[in-house]
Amino acid sequence: MMREWATVVSWQDGVATLHSEIKTSCNSCSARKGCGSHMLNKLGPKDAHVMQIASKQPLQAGQRIELGIKESSLLGSALLVYMTPLVGLFLFSGLFQSLFHSDLAAAAGALVGGIGGFIVAKGISTRFGDREAFQPIILSISLPAEVLRVESEI
């Protein structure tokens, strides 16, 4: 099970809005100038992910929650996102090459297949993404700040 901590932003009617900080090691890596992951991290949001998750237990803003998601669902999602466009790219590239006998047609087929693969992956993910197996679950909830009390002896 993959685990991640998030902070509660708000809770209303059984739905909690959570804020999860992005953890990246790009700042400490010496190969970041030639790294594709570093470039992709620059394109995305800089500081956090905001998500909503169902919670029957009332939560307060500022509480910390440990979320978990099964490795199998994470691997299945990654397989869908990466392999569907790749299969489309090779399939349409080969098809266009065999039909039109041109490298330009093969390149156009690769472009059409890759974009088509992304569209297919998005359609499949919206259809199956709401299933319980693909949703994060709450593993543990920290106590609210006003319940905790720290005393020091001096």
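Residues numbered from 1 in each chain as written. Predicted model: local features only at pLDDT ≥ 70, side-chain atom pairs only at ≥ 80, totals over all residues. Heavy atoms only, no water.

**Q** If you had to explain the overall build of the protein to someone new, which residues and values would you point to?
**A** Within the protein one finds three helices and five strands. In sequence order, the secondary structure elements of the protein are arranged as β-β-α-β-β-α-α-β. For the protein, with 154 residues in total, the buried portion stands at 21%. For the protein, the exposed surface amounts to about 11600 Å²; the carbon and sulfur share of it is 63%. (Helix = DSSP H or I, 4+ residues; strand = E, 2+ residues; numbered from the N terminus. Buried < 20%, exposed > 50% of the residue type's maximum accessible area, 1.4 Å probe, protein only. Areas by Shrake-Rupley, 256 points an atom, 1.4 Å probe, with all protein chains shown as cover.)

**Q** With reference to specific residues and values, describe the pairing of strand E4 (residues 64–69).
**A** Remark: a regular strand shows side chains that alternate across the two faces of the sheet. Where strand E1 (residues 2–12) lies against E4, six bridges are found, and the strand directions are antiparallel. When the bridges of E4 are listed, Met-2 appears paired with Ile-69. With four bridges connecting them, E4 and strand E5 (residues 137–141) associate as antiparallel partners. Looking at E5, one finds that Ile-65 is bridged to Ile-141. (Pairing = 2+ DSSP bridges.)

**Q** Can you break down helix H3 (residues 103–128) residue by residue, with the values?
**A** Relative to the 38 Å expected for 26 residues at 1.5 Å per residue, H3 spans 37 Å between its end C-alpha atoms, a close match to the ideal helical length. Residues of H3 that are buried include every one of Ala-105, Ala-106, Gly-109, Ala-110, Gly-113, Gly-114, Gly-117 and Ala-121, and no others. For H3, the secondary structure elements touched by its buried residues are helix H2 (71–100). By the N-cap criterion, in which a side-chain oxygen at the helix start approaches the backbone nitrogen of a residue two or three places on, H3 is capped by Ser-102, the distance to Leu-104 being 3.2 Å. (Expected span 1.5 Å × (residues − 1). Contact = heavy atoms within 4.5 Å. Polar contact = N/O pair within 3.5 Å; in protein donor to acceptor, adjacent residues only side chain to side chain.)

**Q** Lay out the side chain of Glu-66 with the relevant residues and their values.
**A** With respect to the helices and strands, the residue Glu-66 is situated in strand E4. Excluding its chain neighbours within four sequence positions, the residues that come into contact with Glu-66 are Arg-3, Glu-4, Trp-5, Ile-137, Ile-138, Leu-139 and Ser-140.

**Q** Describe H2, naming the residues involved and giving the relevant values.
**A** The first and last C-alpha atoms of H2 sit 43 Å apart over 30 residues, in line with the 44 Å expected at 1.5 Å per residue. Most pronounced at Met-83, the bend in H2 amounts to some 30°, and the proline Pro-85 follows within four residues. Every buried residue belonging to H2 is among Ser-73, Thr-84, Pro-85, Gly-88, Ser-93 and Phe-96, and all of these are buried. Of the surrounding elements, those touching the buried residues of H2 are E4 and H3. (Bend = angle between axes of the 7 residues up to and from the residue.)

**Q** I'd like a description of the packing of H2 against H3, backed by residues and values.
**A** Look at H2 against H3: their axes get within 6 Å of each other, and the N-to-C directions meet at 150°. It follows from the interaxial angle that H2 and H3 lie roughly antiparallel. Crossing hand, H2 versus H3: right-handed. (Axes fitted to C-alpha atoms, helices over the stretch in contact; angles between N-to-C directions. Parallel < 35°, antiparallel > 145°, perpendicular 65-115°, else oblique. Left-handed = near helix turned anticlockwise from the far one by under 90°.)

**Q** Outline the pairing of strand E2 (residues 15–21), listing residues and values.
**A** Pairing of E1 with E2 involves five bridges; the strand directions are antiparallel. In the strand pairing of E2, Val-8 is matched with Leu-18. The loop that links E1 with its antiparallel partner E2 comprises two residues; one of these, Asp-13, has a positive phi angle of about 50°.

**Q** Account for the packing of aromatic side chains, naming residues and giving values.
**A** What the rule picks out here adds up to two aromatic pairs. Ring geometry for Phe-96 against Phe-100: centres 5.8 Å apart, planes inclined by 75°, an arrangement best described as edge-to-face. Remark: Phe-100 and Phe-96 occur in helix H2; sequence separation between them is four residues, near one turn of the helix. Grouping aromatic residues by their ring pairs yields a cluster made of Phe-92, Phe-96 and Phe-100. (Phe/Tyr/Trp six-rings, centres within 6.5 Å; stacked < 30°, edge-to-face > 60°.)

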